[in-house]
Structure formats: structure tokens, C-alpha cells
Amino acid sequence: MSPKKVLLSGSADGKISALFKRVSAVNKSNGPFDMLLCTGRFFPEAGPSEDDSEKDTEILDYVSGAKEVPLPTYFIGSFGRGAAHAIESLSSADISAAVHYLGRSGIRQLHGLNVAYLDGTHNAQAFQDDCCHAQGDVRALEQAVDKAEGDVDIFITCEWPADVTAAVPPGSAPADAGSTGSEVVASLATKVRPRYHVCGGKDVFYARPPYLNKDLGAGAHVTRFIGLGSVGNAAKAKSLHALALVPAAEMDVATLTQRPEGTTPCPYELPSTSKRPLPGADEDLGEQVRPLGLAHPPCAINDTCKATGETLEACHARSSSNTTPWEQAAERACQLHGSEFMGRELTIDVSTSGARAPSGKPVEGCWFCLSNPNADVNLVASIGEECYVVLDKGPIVDSHVLVLPVEHYPSQLSLSASSFAEMERYLSALQSCFASQLFAFERYMTFRKSGGNHCQFNVLPVSAKAAAGARSTVEQLARDHGVPLQPLDGPSKAGREVLRQAVGDGEYFVALLPDGSRLVHAITRGDKHPLNFGREVAASLAGAPDRADWKKCASSPAEEADRTAKFKKLFKPYDIMQ
Ligand SMILES: [Zn+2]
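Residues numbered from 1 in each chain as written. Predicted model: local features only at pLDDT ≥ 70, side-chain atom pairs only at ≥ 80, totals over all residues. Heavy atoms only, no water.

Draft legend 1. Structural context of the sheet that holds strand S20 (residues 457-461). Spatial ordering of the open sheet is given by S16-S17-S18-S20-S19-S22-S23-S21, a layout of 8 strands whose pairing is antiparallel. Strands at the two margins of the open sheet, each flanked by one partner only, are strand S16 (380-383) and strand S21 (486-488). Strand-to-strand twist across the sheet, computed as the mean angle between neighbouring axes with direction ignored, equals 25 degrees. Alignment of strand S22 (residues 507-512) against strand S23 (residues 518-523), held across 6 bridges, turns out to be antiparallel. Looking across to S23, one finds that Phe509 is bridged to His521. Relative to the sheet, helix H13 (residues 496-503) contacts S21, S22 and S23, its axis offset from that of S23 by approximately 30 degrees. Across the sheet, helix H15 (residues 557-571) touches S16, strand S17 (387-391) and strand S18 (401-405), and the angle it forms with S16 is around 40 degrees. (Pairing = 2+ DSSP bridges. Helix = DSSP H or I, 4+ residues; strand = E, 2+ residues; numbered from the N terminus. Axes fitted to C-alpha atoms, helices over the stretch in contact; angles between N-to-C directions. Contact = heavy atoms within 4.5 Å.)

Draft legend 2. Main features of the pairing of S23. For S23, the tally of buried residues reaches 5 of 6 residues, placing the bulk of the element in the interior. Where S21 and S23 come together, 3 bridges link them in antiparallel fashion. Paired with Leu488 across the two strands is Arg518, which belongs to S23. What sits between the antiparallel neighbours S22 and S23 is a turn of 5 residues, in which Gly516 has the positive phi angle 90 degrees. (Buried < 20%, exposed > 50% of the residue type's maximum accessible area, 1.4 Å probe, protein only.)

Draft legend 3. Focus on the coordination of the zinc ion. Looking at the zinc ion, one finds its protein donor set to be Cys366 (SG), Cys369 (SG), His408 (ND1) and His454 (ND1), positioned 2.0 to 2.3 Å from the metal centre. Coordination at the zinc ion is tetrahedral, judged from the 4 donor atoms that bind it and the angles of 102 to 116 degrees they form at the metal. Look at where the donors of the zinc ion fall in the sequence and you get C-x2-C-x38-H-x45-H. Of this pair, Cys369 sits in the loop between strand S15 (344-345) and S16 while His454 sits in the loop between strand S19 (438-444) and S20, placing them 85 residues apart in sequence. Here His454 falls in the buried class, since its relative accessible area comes to 2%. (Donors = N, O, S within 2.8 Å, 3.2 Å for Na, K, Ca; no water. Tetrahedral: all angles 85-135°; square planar, octahedral: opposite > 155°, others 65-115°.)

Draft legend 4. Quick peek at the sheet that holds strand S2 (residues 35-38). What the 5 strands build is an open sheet, ordered S4-S3-S2-S1-S12; its pairing is mixed. A strand with exactly one partner marks an edge of an open sheet, and here the two such strands are strand S4 (99-101) and strand S12 (240-245). Strand-to-strand twist of the sheet, defined as the mean angle between neighbouring strand axes without regard to direction, takes the value 25 degrees. Of the pairings in the sheet, the one linking S2 to strand S3 (residues 73-75) comprises 3 bridges and is parallel in character. Each residue of the ladder has a partner; that of Leu37, found in S3, is Tyr74.

Draft legend 5. Spatial organisation of unusual backbone geometry. Residue His111 is not a glycine yet carries a positive backbone phi of 50 degrees. Turning to its location among the elements, His111 is positioned in the loop between strand S5 (105-110) and strand S6 (113-118). One non-glycine residue, Ser436, adopts positive backbone phi at about 65 degrees. Note that Ser436 resides in the loop between helix H10 (417-433) and S19.

Draft legend 6. Focus on helix H3 (residues 83-92). Looking at H3, one finds that the buried residues are Ala83, Ala86, Ile87, Ser89 and Leu90. Summarising the axial view, the buried residues of H3 lie within an arc of 160 degrees, below the 170-degree limit, and thus occupy one face. Turned more than 90 degrees away from the buried face of H3 sit Glu88, Ser91 and Ser92, all of them exposed. (Arc of directions from axis to C-beta.)

Draft legend 7. Broad picture of the packing of aromatic side chains. Here the structure, examined in full by the defined rule, presents 14 aromatic pairs. With centroids separated by 6.5 Å and ring planes inclined at 10 degrees, the aromatic side chains of Trp160 and Tyr206 adopt a geometry described as stacked. With a gap of 46 residues between them, Trp160 in the loop between strand S7 (154-157) and helix H6 (183-192) and Tyr206 in strand S9 (residues 206-207) connect regions that are remote in the sequence. Each member of the pair Trp160 and Tyr206 is classed as buried. Judged by centre distance (5.7 Å) and plane angle (50 degrees), the rings of Tyr444 and Tyr508 are tilted. Of this pair, Tyr444 sits in strand S19 while Tyr508 is found in strand S22, placing the two residues 64 residues apart along the sequence. The burial state of Tyr444 is the same as that of Tyr508; both residues are buried. Among the aromatic residues, those joined into a ring-pair cluster are Phe42, Phe43, Phe75 and Tyr101. The positively charged end of Lys5 is found above the aromatic ring belonging to Phe33, 4.9 Å away from the centroid. (Phe/Tyr/Trp six-rings, centres within 6.5 Å; stacked < 30°, edge-to-face > 60°. Lys NZ or Arg CZ within 6 Å of the ring centre and 35° of its normal.)

Draft legend 8. Representation of the pattern of salt bridges. Evaluated as defined, the whole model comprises 12 salt bridges. Here Arg41 makes a salt bridge to Asp13, at a shortest N to O gap of 3.2 Å. On the criterion of sequence distance, the pair formed by Arg41 in the loop between S2 and helix H2 (57-64) and Asp13 in the loop between strand S1 (4-9) and helix H1 (16-30) is long-range, its members being 28 residues apart. Among the residues examined, Arg41 registers a relative accessible area of 18% and is labelled buried. The partner of Glu497 in a salt bridge is Arg500, and the shortest N-O contact between them spans 3.3 Å. Linking Glu497 with Arg500, this pair stays in helix H13, spanning 3 residues, or about one helical turn. (Salt bridge = Lys/Arg side-chain N within 4 Å of Asp/Glu carboxyl O.)

Structure below.
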């Protein structure tokens with residue numbers, strides 16, 4: 001686990017030779033570095049009579065190989081004099097060329113680090129020419145974040161985010177740091193949740209105190225914002241910054257979620273009334289009070305949208321009626337609210353404040369949030385006020401079901417008292433249905449993907465013989481896997497507090513045996529808990545050890561429908577909602 005060493009630069013503004021000369025010196029004195037990431041504008045400012053089709057020779061010498069590039073270099077800021085020609089030359093240059101244009105927006109893994117990027121600014125010619133591509137860039141990055149494995153290490157943008165100095169101690173930020181900034185970038189920063197957000201665009205150096213991102217169920221980590229001056233700026237503001245960081249993918253959760261002293265709340269998600277007004281911001285656009293959802297794409301403020309010919313105001317209105325996937329999910333949930341679903345009224349309370357989903361709200365991409373488009377509602381067998389029962393998609397036996405909260409809570413310990421009570425009622429109904437020959441388990445781990453764990457009990461019936469020997473079977477498998485189990489006293493109804501005492505707010509595995517007793521394993525920091533342990537125990541008790549592997553248990557939609565119908569019939573006399 002060795003740290004990657006990265007150099008980051010502010011706007012090069014076409015001063016490529018000066019930049020590389022400095023990078024080369026720093027690489028010799030403090031290197032070697034793995035790469036150089038260039039934020040801000042890479043090309044020189046275009047004069048009034050010029051456009052980006054003009055040639056700029058400085059970069060071309062490096063593209064052609066006439067001059068040597070000191071480090072693998074990745075840039076955004078593809079606007080200014082000579083930009084179009086240089087990008088074209090780069091795309092046709094040797095693949096081994098050391099200078100790379102990252103593209104409009106996205107996430108790339110570079111030298112082991114997850115790097116997210118957004119090209120362009122409010123006023124760049126490129127955006128004025130094609131407003132809707134900018135919207136597409138923002139969407140593309142949001143989609144990349146949804147699909148990304150693990151956390152983003154570094155997010156680079158051409159522009160500073162609006163409100164970045166909100167929530168810092170008075171007087172601690174340079175005067176220019178808190179002036180104008182982009183709401184689009186601020187909004188994206190809350191979505192990308194990078195460990196470092198680095199940008200150019202002002203001749204100011206500012207390393208903000210870390211701010212805490214929202215916990216989406218997998219633990220919250222901080223973001224450190226760094227604004228860099230442009231290369232060779234007159235104010236002599238720092239334009240080159242070095243980072244040595246271990247990729248998030250290689251860090252344990254405890255280290256990743258450390259909160260350094262001086263950590264502030266997220267500046268972009270403060271209530272709008274506590275935000276300081278931005279000097280110079282356009283009052284007419286209501287920049288200070290507009291909620292931080294997906295703002296208008298970055299196109300020129302005092303212009304018409306060149307793509308649609310609409311005035312900007314109209315274009316703003318149209319853009320804000322487009323919704324993010326989360327908003328669509330929330331909308332879908334609201335539509336479900338109060339509606340009849342499987343013969344029962346469904347209650348879903350979706351908060352409309354804030355763009356992100358805190359614990360208990362639908363989480364994008366989660367298969368178990370019922371209101372999400374990818375939830376498999378065809379497998380649902382029963383739905384209560386706050387919990388539901390669904391057939392497992394890779395069942396160990398035909399009646400293998402999951403009991404889960406409708407909303408996104410990571411574990412039974414985070415459920416409200418009423419949700420927990422309903423979950424207990426479902427478990428008890430299943431106990432009756434399976435004539436007490438029931439095995440169930442819950443595993444809570446702080447996964448980082450898709451907002452983290454969605455609480456779930458795996459429940460399945462076992463034979464009378466397996467039920468009688470369940471405790472010794474489970475204990476034997478636990479020994480085999482090095483998973484020490486301890487009994488929890490008291491019946492599960494009274495036992496949530498007992499569980500809490502045993503595991504604190506840490507990760508755990510808990511098994512419910514046919515005789516109603518429970519065994520728990522508190523997963524300690526650094527423990528490598530075997531992910532499939534619960535399924536292996538369940539498969540063994542069910543007499544089908546070969547079905548421990550989920551991937552071998554997929555079934556066709558017809559089989560799923562058949563299995564769901566059969567289970568509903570079996571469960572109907574016991575269903576708490578019947
Ligand atoms: Zn969920």
C-alpha cells in the first residue's frame with residue numbers, strides 16, 4: 001500500500017514550457033511523481049479576434065516529441081487559442097504520448113487513483129456554443145459516479161465552486177477565495193464526494209479546512225478543497241501542489257472516514273439562509289437562494305443559449321425541470337406513497353430538501369430500496385407499513401426470503417422502533433410459517449457502493465433434523481472460518497439493546513437459530529470477515545451446501561414468478577398484512 005505521488009497545477013494559460021520546467025525541477029527535488037494533473041484553462045486566452053482554431057505552438061512541440069514531457073500529464077481546460085488544433089493533434093498522436101486530454105467529463109483510473117474531471121467554465125466559448133453539451137457533460141459525470149467502483153480520490157475542475165468558503169472560521173480564507181464560483185461545480189462536488197477537489201481559475205492559493213460529506217450509509221469521509229493560482233501569475237500565488245495519497249480503494253474504512261481537527265460541515269449543503277451572499281453574483285438569477293440541486297449547465301450568464309436560441313432565463317427554467325436519477329426515484333416513491341401496492345397502502349415519506357439521500361431515504365442504485373427503478377418488485381411477497389418480504393433472487397431453497405425495511409437503513413440497529421417492531425413481526429410470522437424450523441441471519445458491513453448496506457434478514461426453512469443440530473452446525477462452520485460467535489441473551493424482541501451492547505456501532509454478523517437463540521460476531525476493524533459466511537451456514541443447514549454460491553442459483557423470470565406465487569400462498573395464513 002504505497003502512496004501515489006501526484007503534482008497538480010492551476011491554469012497553465014498556455015505557459016506550457018514554464019509549467020514543465022517547474023514540474024521537472026520539483027520532480028527532481030521531491031519526486032519521482034507518478035503524474036501531473038492540470039486544472040483550469042490549459043491554453044492561452046484567445047484574443048478578441050481569435051478563436052480556438054488558431055494554432056498555439058508551445059504545446060505542439062511536446063505533442064510532436066520535439067520537447068520532452070517531464071511526467072505523464074493529464075489536462076482539462078480545452079479552450080483558448082489553439083485548443084481545437086492541439087486536441088486534434090493529440091488524438092492523432094502516438095498513443096504513448098505523455099500528454100493526454102482527459103475529455104469533457106468522467107472518471108478515469110490513473111496510476112491507481114480514481115480521478116473525476118469536468119472541463120469548461122461558465123464563460124468559455126465552448127459552452128456558449130453548445131449549451132446542451134454542457135448539460136450532457138454534467139449528466140455524464142453524475143452517471144459515472146453512480147457506476148464507479150469505490151470513492152473518487154481527486155476531482156479536478158476548471159472553476160472554483162460557489163460558496164466554498166462558507167462555514168470556515170471568519171478571516172481564515174483569502175479575500176478573493178469566496179467571491180464568484182460555479183454552482184454547477186459545487187453541486188457536482190456533493191455528488192462526486194472526492195477526497196480532494198482541486199481547481200484553477202483564480203490567482204489565489206487556498207487550501208480549505210476539510211469538510212465532511214453526507215453519510216450515505218457507508219460512513220462519511222472528508223473532502224479537502226485546494227484552489228491553485230495560474231502558472232506564472234503576477235500575484236505569485238502558489239500554482240503547483242504535491243499530493244502523496246494511498247488510493248481510497250486500498251484504505252480501510254476507519255482510515256478513510258477519519259475526521260481531522262477543524263473539519264467543517266459541507267459548505268454546499270448549508271441551509272441557504274446561513275450562506276453569505278456572494279459579492280458580485282447576479283442578483284437577478286437568485287444565485288444565493290437557489291437550492292443546490294442540479295443547477296443550470298455552465299453557459300454564459302448574460303447571453304442566449306446558442307444551442308436552443310432561448311434566452312438564458314428560459315433555458316434555466318427548462319434545465320431545472322430535468323431531474324436527476326435520484327430525484328426521479330424520489331418522485332417515483334412519492335407516486336407510490338398512499339397508493340395501493342399488493343393490496344396494501346404504501347407509506348413512503350420522501351424528504352424533498354437537499355439533493356442527496358441521507359440514511360432512510362432512497363439511495364440511487366440500491367437494489368433493495370423499493371422506490372428505486374431497479375428494485376425487483378415482482379419478487380415481493382408481502383409489504384407492510386415499513387418493511388417488506390421479498391424472495392431471494394439467488395435462493396438457497398425455494399422459500400428463501402429476505403425481510404427488509406422499505407427505506408434505506410444500514411442495519412437493524414439503525415431502524416426506528418416501529419420499523420424494528422414490524423421486522424420482528426415478520427420474522428415471527430415466518431417462524432410460524434416454517435413451524436419454527438427457521439434459520440435467519442443479518443450481516444451488517446459498511447460497504448461503500450450504492451450508499452452502503454441496506455439492512456436485510458436472510459430467512460429460510462430448514463429440516464427438523466437440521467433444526468435440532470443447528471447450533472453445533474453453525475458453531476462448527478464458525479470455527480472453520482475463524483468467525484468467533486458469542487451467544488446473545490434474551491429473546492430477540494428484547495434483544496436489540498443486547499445486540500447494541502455487543503457490537504456498538506461496528507459491523508457485525510448475527511444468526512437467529514431455530515430455537516430462537518442468537519449468535520453474534522462483532523467484526524472488528526481490520527477483520528477480514530468472509531463475505532459469504534451467512535450463505536454458507538444457511539446452505540449447509542438447508543442440506544444444499546452447493547447452493548452457497550449465489551451465482552449458481554440464478555433462475556429465469558418464469559421460475560421466479562412461480563416461486564413467488566408459491567411462497568405467497570404458503571405465507572398467506574401467517575402474513576401480518578393479511
Ligand atoms: Zn436501499
